[in-house]
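Analysis of the macromolecular model
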Amino acid sequence: MRIFDLELASPCNARCEFCPQRFQGVKRERPFLDETLLDRITAEIGALARTERVHAVLCGMGENLLRKPLVLRALDSLQRASEGRIHTTLVTTGSPLTPELAEHESFRRLEAIQVSFTGVDRESYEDLYHLKHERVIENVVRMNRLLPGKIYLRTVDLERFRAHRAEFSRFWNERGIPVTYSALHSRGGHIGDPEAYPGRTRPFRGCEIFDLITFVSSDGLVLSCCHDVLSANVIGDLRVSSLAEIDARKRELRRIGFQGFDICRSCTDFSLSELGRGVPQA
């Protein structure tokens, strides 16, 4: 499967303890992906999906639903260009996950909606995210009623909350929403919490994140991966190159034995290989 991570927005309305947004922000020139460029990118991705299995994930370092029309435009274009064959996922904090979105066919055709949610009660959640706990729960539960079976939670498995893990999962499972757990990782060395460093790093050789995922930033740049929060590792610029041309550059880096980027030396993100993407686990 080909995976394209599309960062439509780099700002975020949350300030999570385990995200670089809280400390240094995300270095992008454009906060939101240009509409004309988005149309061209999604048309190329959609065309690929007519002949091979393609998964487009609206994610990145920001909250894409800060520009809901941009999200709907991307989903409409992906479905149209792929003739309905593409797999799509939305990643969100849940704060802007409002019911009118479900009125749009391309939104209803999302394969999954992943909600980032960590914290076992109102106090711990709001301390981590700086969002309203009750509002997010209401949004998530309501959207699950409107689009049953599509929503799941992705929770950072912080050590201080593990004693409450069964209770937390039960709360959401009783509302028909599965929960997945992922380890805290370093975001390519941008997170300083010792818990993010388990004593091993992900080697660039064989890195599934680089090999399987094409990450497009809100600037229209293909970066090494989503952990390049400083936009330091530009593989290509979609304003002047096609996805196919940039993909060829990635393959060439592998062919010549490129040893990786600076952020790779501190990367502890094993989630793709160990947990998988979009696979809820109760």
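Here's what I pulled together on the structure shown here. (Residues numbered from 1 in each chain as written. Predicted model: local features only at pLDDT ≥ 70, side-chain atom pairs only at ≥ 80, totals over all residues. Heavy atoms only, no water.)

Thoughts on the packing of aromatic side chains
Here is the rule: In summary, the pairing rule links any two rings of Phe, Tyr or Trp, Trp by its six-membered ring, whose centres are within 6.5 Å, and it sorts them by plane angle into stacked for under 30 degrees, edge-to-face for over 60 and tilted for everything else. Strands here are runs of E lasting at least two residues and helices are runs of H or I lasting at least four, both read from the DSSP assignment and numbered beginning at the N terminus. Only protein chains enter the accessibility calculation, which uses a 1.4 Å probe. A residue is then buried if its area is under 20% of the maximum for its type, exposed if over 50%, and partly exposed in between.
Tallying each qualifying case throughout the model produces eleven aromatic pairs. Ring geometry for phenylalanine 18 and tyrosine 129: centres 5.9 Å apart, planes at 80 degrees, overall edge-to-face. Of this pair, phenylalanine 18 sits in the loop between strand 1 (2-6) and helix 1 (35-49) while tyrosine 129 sits in helix 4 (residues 122-129), placing them 111 residues apart in sequence. Of the two residues, phenylalanine 18 and tyrosine 129, both sit in the buried class. Where tyrosine 125 meets tyrosine 129, the ring centres are 4.6 Å apart and the plane angle is 15 degrees; that geometry is what we call stacked. Taken together, the residues span about one helical turn, with tyrosine 125 and tyrosine 129 both in helix 4 at a distance of four residues.

Thoughts on helix 6 (residues 165-173)
Condition: As used here, the arc is the angular range of directions from the helix axis to the C-beta atoms. In this description, contact between two residues means that some pair of their heavy atoms is separated by no more than 4.5 Å.
For helix 6, the complete set of buried residues consists of Phe168, Ser169 and Trp172. Angular distribution of buried residues about the axis of helix 6 spans 95 degrees; they occupy a single face of the element. Tucked into the core, helix 6 has its buried residues touching helix 5 (133-146), strand 5 (151-156) and strand 6 (179-182).

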